[in-house]
Amino acid sequence: MSSQPLSVVWFRQDLRLTDNPALRAAAARGRLLPIYILDDDNAGEWAMGGASRTWLHRSLDSLDRAFDGRLRLFRGDAARVIEQLAEALPISAVYWNRCYEPWRIERDSRIKKQLGTRGIDVESFNASLLWEPWEISKGDGSPYRVFTPYYQKGCLGAPPPGQPLPAPAPLDCIDDPVPGSVGLSALELLPRLDWHRDMLAHWDIGEDAAAASLEGFCTDTLNQYREGRDFPALQATSRLSPHLHFGEISPRQAWYRAEQAALETGGDGPAHFLRELGWREFSYYLLYHFPALPRQNFNSKFDGFDWLEPDSTALAAWQQGLTGFPIVDAGMRELWQTGYMHNRVRMIVASFLIKNMLLHWHHGENWFWDCLVDADLASNSASWQWCAGSGADAAPYFRIFNPLLQSQKFDPDGEYLARYCPELAALEPKWRHQPSAAGQQRLDAAGLKLGRDYPEPMLDLKTTRERALARFKALS
DNA sequence: CCTGGAGTTGTCCTA
DNA sequence: TTAGGACAACTCCAG
């Protein structure tokens, strides 16, 4: 085995070669040992969900090919894995890009100390955010709690994000066997059952696919983004979220590519897209400054809220897309089939769970965590709290989405409904939104029997709305 | 220091 | 038919 000093680059949520400062720094020192560690030991209850694992499997496979098969994989406590590597190999440096989940911050600072005492050069970099959470604060030094001033004044008033870095070349990786490393299949990221194949058919995964996605979006879609983004039947959103989550592309690449599109084509699409990247930043900012965000109400007034106890039948109906409200069911089935849900529909299904079913936002947060390919601790918890009204800059309690009105407004032709609830496709678009009001003749003509082919509505919108209003009002 | 306007994503009722 | 106001309360920030 070679005794030449090695620089470890530890990949985490930055599964790319381009704009990767840790990789650049490691490559500049000479021989590389690129590693990924599946660390369920430290993740605790926030170990990755099933859909994310499936995505990760593909993404690691893609990154490994970019390294000509020399990406080394490990499983278990990252501190122990790195310790073992440092025992066995002449490692002179360990570099990584920062993560912001509380459990990772705690773990990484531990590892940093541990390596420092060995005299190994350790450094972390920013590769996942446009602005570090500690760089943005109000005049008095405290963190923002409202999005608009955070973004307008805090972010846009701060120095602009760094320009994306090119990928380093050449990549001189060690060939020798590395103790403890395992093959991709040993990570057991794919589910035992075969549901993931259909889901994967909806996605191209990896750094090249992410770049192509961004390029296609900025060329074809971005100028229609402002008007189109609310219509789930259209492909008018970027669908970059899973790529961004796993770091197959960096927010800086997206930011500057969209700015370029703004110069070339003008219009207000790019600014709205940049603002969405701003919301991603805001979620990370909140999680960093309020690490209890995933489990505790941001606004503690909600601690006394009288949620209903989840009846397993009702929760299952929501999860499986069998509520009897087509727009809700279409969204939940899109999630199950593709690992993704259109943003507008995420708000509708969340409002339905929280305000109509009156179940705690944790139930939605947990289900999304398991089912989304873009499941992200910061965005997921910030968004569920926002919908519940307990979060930062949250929806006011009286903002209760009416799934029927939302469906008619944002899927006027019932195209999205028909795609994910095909049993409703034979109804005229007008009645797809509310099959229970279509009348027996139309149902018969469509060969549709409610209760057999599609559920009756599981609740009454008007009374559940009033119930929620009363309980939320009682909080203040 | 105080004051007032404004704030991602809605709905319903009334005139 | 349609437009406007009510539905709270709080944070931020400019003046």
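Here's a quick rundown of the structure. (Residues numbered from 1 in each chain as written. Chains lettered and ligands numbered in written order. Predicted model: local features only at pLDDT ≥ 70, side-chain atom pairs only at ≥ 80, totals over all residues.)

## A short note on the overall build of chain A
A count of helical and extended segments in chain A gives 22 helices and 5 strands. Against the 2.2 N^0.38 benchmark of 23 Å for 476 residues, chain A shows a C-alpha radius of gyration of 24 Å, consistent with a compact globule. Taken over 476 residues, chain A has a buried fraction of 43%. Sequence separation of at least 24 residues holds for 77% of the intrachain contacts in chain A that already meet a minimum separation of 6. (Helix = DSSP H or I, 4+ residues; strand = E, 2+ residues; numbered from the N terminus. Rg over C-alpha atoms; globule rule 2.2 N^0.38 Å. Buried ≥ 20, exposed ≤ 12 C-beta atoms within 10 Å, placed from the backbone. Contact = placed C-beta atoms within 7 Å.)

## Structural notes on the protein's contact with DNA strand B
Around DNA strand B, the surrounding shell holds 14 residues, and the nearest of these are Phe-147, Thr-148, Trp-279, Arg-399 and Asn-402. Listing elements by their share of the surface near DNA strand B, those giving two or more residues are helix H6 (147-155) and helix H18 (403-410). (Near = placed C-beta within 6 Å.)

## Comments concerning the nonpolar core
Formed by 120 residues in total, the largest nonpolar core has its most connected members in Val-8, Val-9 and Ala-26. Among the elements that take part in this core, helix H15 (residues 343-356) stands out by supplying 8 residues, more than any other. (Core = buried A, V, L, I, M, F, W, Y, C linked by C-beta atoms within 7 Å.)

## Let's talk about helix H8 (residues 207-221)
With 15 residues, H8 should reach 21 Å at 1.5 Å per residue; the first-to-last C-alpha distance of 20 Å fits that figure. Listed as buried for H8 are Glu-207, Ala-210, Ser-213, Leu-214, Phe-217, Cys-218 and Thr-221. Burial along H8 is one-sided: seen end-on, the buried residues are contained in an arc of 125°. Among the exposed residues of H8, those pointing more than 90 degrees away from its buried face are Glu-215 and Asp-220. Packing partners of the buried residues in H8 comprise helix H3 (50-66), helix H9 (225-228), helix H10 (241-246) and helix H11 (251-265). (Expected span 1.5 Å × (residues − 1). Arc of directions from axis to C-beta.)

## With respect to the packing of H11 against helix H12 (residues 269-289)
At a minimum axis distance of 9 Å, the contact between H11 and H12 shows a crossing angle of 165°. Judged by the angle between their axes, H11 and H12 are roughly antiparallel. In this structure, H11 meets H12 at a crossing whose hand is left-handed. Together, Pro-251, Ala-254, Trp-255, Ala-258, Glu-259, Ala-261 and Ala-262 of H11 and Pro-270, Ala-271, Phe-273, Leu-274, Leu-277 and Arg-280 of H12 make up the contact between the two elements. Considering only residue class, the contact of H11 with H12 consists of 11 nonpolar, no polar and 2 charged. (Axes fitted to C-alpha atoms, helices over the stretch in contact; angles between N-to-C directions. Parallel < 35°, antiparallel > 145°, perpendicular 65-115°, else oblique. Left-handed = near helix turned anticlockwise from the far one by under 90°. Nonpolar A, V, L, I, M, F, W, Y, C, P; charged D, E, K, R; others polar.)

## Section: the pairing of strand E5 (residues 121-125)
Here strand E4 (residues 91-97) pairs with E5 via 5 bridges, running parallel. Paired with Trp-96 across the strands is Ser-124, a residue of E5. (Pairing = 2+ DSSP bridges.)

## A word on the sheet that holds strand E2 (residues 32-38)
In spatial order, the strands read E3-E2-E1-E4-E5; together these 5 strands make up an open sheet with parallel pairing. With one partner strand each, in any of the chains shown, strand E3 (72-75) and E5 form the two edges of the open sheet. Neighbour-to-neighbour, the strand axes of this sheet turn through a mean angle of 25°, independent of strand direction. As judged from the 4 bridges shared by E2 and E3, these two strands associate in the parallel manner. The residue bridging Ile-35 from the neighbouring strand is Arg-72, located in E3.

## What to know about the environment of Gln-440
Inspection of the secondary structure puts Gln-440 in helix H21 (residues 440-445). The exposure class assigned to Gln-440 is exposed, which follows from the 9 C-beta atoms found within 10 Å. A sequence separation of 203 residues divides Gln-440 from Thr-237, and the C-alpha atoms of the two residues are 38 Å apart.

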